[in-house]
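Below are the chains, spelled out letter by letter.
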Amino acid sequence: SRPLAEEEPRASSLPCIPNPFPELCSPSNSPILSSLPGGQGPPREGACHLVKVFSEDGSCRSLEVSAGTTARQLCEMLVQRTHALHDHSWALVELHQHLALERCLEDHESVVEVQSAWPLGADSRFVFRKNFAKYELFKSNASLFPEVMVSSCLEANKSMAHSELIQNFLNSGSCPEVQGFLQLREAGRKVWKRFYFSLRRSGLYYSTKGTSKDPRHLQYFADLTESNIYYVTQGKKHYGTPTEFGFCIKPYKVRSGVKGLKLLCSEDEQSRTCWMAAFRLFKYGMQLYRNYQQAQARLSQPPWIGPTALRSVSDNALVAMDFSGCTGRVIENPSEVLTAALEEAQAWRKKTTHRYSLPAACQTSPLSAAIHRTQPWFHGRISREDTQQLIGRQGLVDGVFLVRESQRNPKGFVLSLCHLQKVKHYLILPSEEEGRLYFTMDDGQTRFADLIQLVEFHQINRGILPCKLRHYCTCVAL
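Residue numbers here run from 1 along each chain, matching the order of that chain's written sequence. For a predicted model such as this one, the threshold for reporting local features is a pLDDT of at least 70, and the threshold for listing and counting side-chain atom pairs is 80 or more; totals across whole chains, interfaces and linings nevertheless cover every residue. Excluding hydrogens and water, the side-chain values take into account all heavy atoms of the structure.

Our working rule: UniProt positions are given in the numbering used here, feature names are shortened, and annotations may be inferred rather than shown by experiment.
The protein has the name GRB7 protein in an unreviewed UniProt entry, where Chauna torquata is given as its organism. As recorded by UniProt, the Subcellular location (unreviewed entry) comment attached to the protein reads in full: "Cytoplasm". Of the protein, the UniProt comment under Sequence similarities (unreviewed entry) reads exactly: "Belongs to the GRB7/10/14 family."

Some details on the pairing of strand β3 (residues 90–96)
To keep things clear, this is the line we draw: Burial status follows relative accessibility: with a 1.4 Å probe on protein chains alone, a residue under 20% of its type maximum counts as buried, one over 50% as exposed, and anything between as partly exposed. Strands here are runs of E lasting at least two residues and helices are runs of H or I lasting at least four, both read from the DSSP assignment and numbered beginning at the N terminus. Note on pairing: two strands pair once DSSP finds at least 2 bridges between them.
With respect to burial, β3 is a largely interior element, seven of its seven residues being buried. Burial along β3 is two-sided: the face carrying W90, L92, E94 and H96 and the face carrying A91, V93 and L95 are both buried. Here four bridges tie β3 to strand β4 (residues 101–104), and the two strands are oriented antiparallel to one another. For H96, the partnering residue across the bridge sits in β4 and is L101. Counting the residues that bridge the hairpin from β3 to β4 gives four residues, and of these A100 lies at a positive phi of roughly 60°.

Some remarks on the packing of helix α8 (residues 269–284) against helix α9 (residues 286–299)
Convention followed: Only the stretch in contact is used when a helix axis is fitted, and all axes are lines through C-alpha atoms; the angle between N-to-C directions ranges over 0 to 180 degrees. Should an angle fall under 35 degrees it is taken as roughly parallel, and over 145 as roughly antiparallel, whereas 65 to 115 is taken as roughly perpendicular and any remaining angle as oblique. Only heavy atoms matter for contacts: two residues are in contact if any of them lie within 4.5 Å across the pair.
Running from N to C, α8 and α9 cross one another at 100°; their axes reach a closest spacing of 6 Å. Compared by their axis directions, α8 and α9 come out roughly perpendicular. Counted together, R280, L281 and Y284 of α8 and M286, Q287 and L288 of α9 form the full contact between these two elements.

A closer look at the pattern of salt bridges
Put simply, the test is: Any carboxyl oxygen of Asp or Glu that lies within 4 Å of a side-chain nitrogen of Lys or Arg is treated as forming a salt bridge with it.
Under the definition given, this model contains 19 salt bridges. The closest approach of N and O atoms between E56 and R393, which form a salt bridge, is 3.1 Å. Taken together, the positions of E56 in the loop between β1 (48–54) and β2 (60–66) and R393 in helix α13 (residues 384–394) put the pair 337 residues apart, joining distant regions of the chain. Overall, R393 belongs to the partly exposed group, its relative accessible area being 30%. The salt bridge involving R447 is made with E433; its shortest N-O contact spans 2.8 Å. Within this pair, whereas R447 is found in the loop between β18 (436–440) and α14 (451–460), its partner E433 is found in strand β17 (residues 422–433), the two being separated by 14 residues in sequence. Put simply, R72, E76, D107, K134 and R298 are held in one network by salt bridges that share partners.

Quick look at the environment of N131
Here N131 is to be found in the loop between β5 (124–130) and α5 (151–156). Its relative accessible area of 14% is what places N131 among the buried residues. For the pair formed by N131 and R393, sequence separation is 262 residues and the distance between their alpha carbons is 7.2 Å.

Notes on the nonpolar core
So the rule is basically this: Here, the term nonpolar core denotes a set of buried Ala, Val, Leu, Ile, Met, Phe, Trp, Tyr and Cys residues that are joined through side-chain atoms within 4.5 Å.
Core analysis: the biggest nonpolar cluster contains 40 residues, and F145, F197 and W275 have the highest contact counts within it. Of all the secondary structure elements, the ones that give two or more residues to this core are α6 (162–172), β6 (178–185), β7 (192–200), β8 (203–207), β9 (218–222), β11 (246–251), α8 and α9. Look past the residues within four positions of W275 in its chain and what remains in contact with it is M149, V178, Q179, G180, L182, F197, S198, L199, L204, F247 and S266.

Things to note about the side chain of D442
Defined as follows: Definition of a polar contact: a pair of N or O atoms within 3.5 Å, with one able to donate and the other able to accept a hydrogen when the atoms are protein atoms, and with sequence-neighbouring residues admitted only if both atoms are side-chain atoms.
Looking at where D442 falls in the secondary structure, it is placed in the loop between β18 and α14. Separated by 2.8 Å, the side chains of D442 and T440 make a polar contact.

Structure, rendered in structure tokens:
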């Protein structure tokens, strides 16, 4: 110990040499080490983090964000940089490709916090895309909760409108108690068994004896407040699900692998949608409704100040107008609006209209025949199966649609439309009469000069469709 004591004064007497690279020795101040990808622990406040976001076409963009950046803020940044139309249906989706799991982040969630929970080397990513179903549960015309699945309806033996259920939620702060049969995959096995599940205020349970809700027969299943709920994509391929309507409860402590995942499967899409909506209300409570209110408020003001502010386009922006006089006027009387719509629909059905007075060259010009290719709702030669998947990913909401080329008819097109959580396909055929080209879906009873005219008509009038066209599927390149 004596020689060491003698060396101390000599070391302290040396001149102090400053460190030329302090950022490499201090991880907290390092711009490199502070922006490492997920899996490195909780995010540091004030530090910059690198987030990579993909689009549905596979392109990606990296953004530098702070630790507190929310999913809504990141979506607004991407909308601005891609010059997309701004509305509250843009969403950030967390995708785990190796597990075939995906979920839409809520607007208030921290993007960096979600990314930090990903394991190193995992094939996880953020995807920027539309989700028209995100706030559908707060719409007055929605019907996400079937009466046979809501406990209060069954116990009182009475029907209850969706708006009444949501109002009860807003008043009490508790989500509707949902119950029904689900297929459950047993832990460590590929066997699926059918159990009767109940979502109560204390958590999710399943009955060990039929449909009994006796406390002796209820088995606690999962803590939803400490878990994330995901949709299962390609469930039959990855997990052998009995149907394609699978979902998964993934506890926070499960970072990688299939072990620890609680896999469930519904009988149909309506049942799965009901469970997922109830889980969201259970986990986030009133925060979910505040997100919806803030999204609605943002639509009434420009999202950013720039040389060319983008305008939100939605069905709420469409109003009935009367141009029969010298100046146009807004029709406010609902009965008058309906009468005007019916009169316009009849006018479109007439075989001779003012558009046929145009020269034939205008009707058959290459520009007129191909102008629909510039529209965001036109998706070219996309297959029927890919169409089903695209509309399913962007939200099975009434009125979600796209137009594509027909695979069976080389000159025809197909309007794919979602109604009652199912995708229906309507063939659009071109026809020529007296040298004039037109498009029709009803054997020539209603004719349109081009596909743009057809789409715009059905955005205002239902026509032969089960509902009006409300939201078009679109993909943006990052």
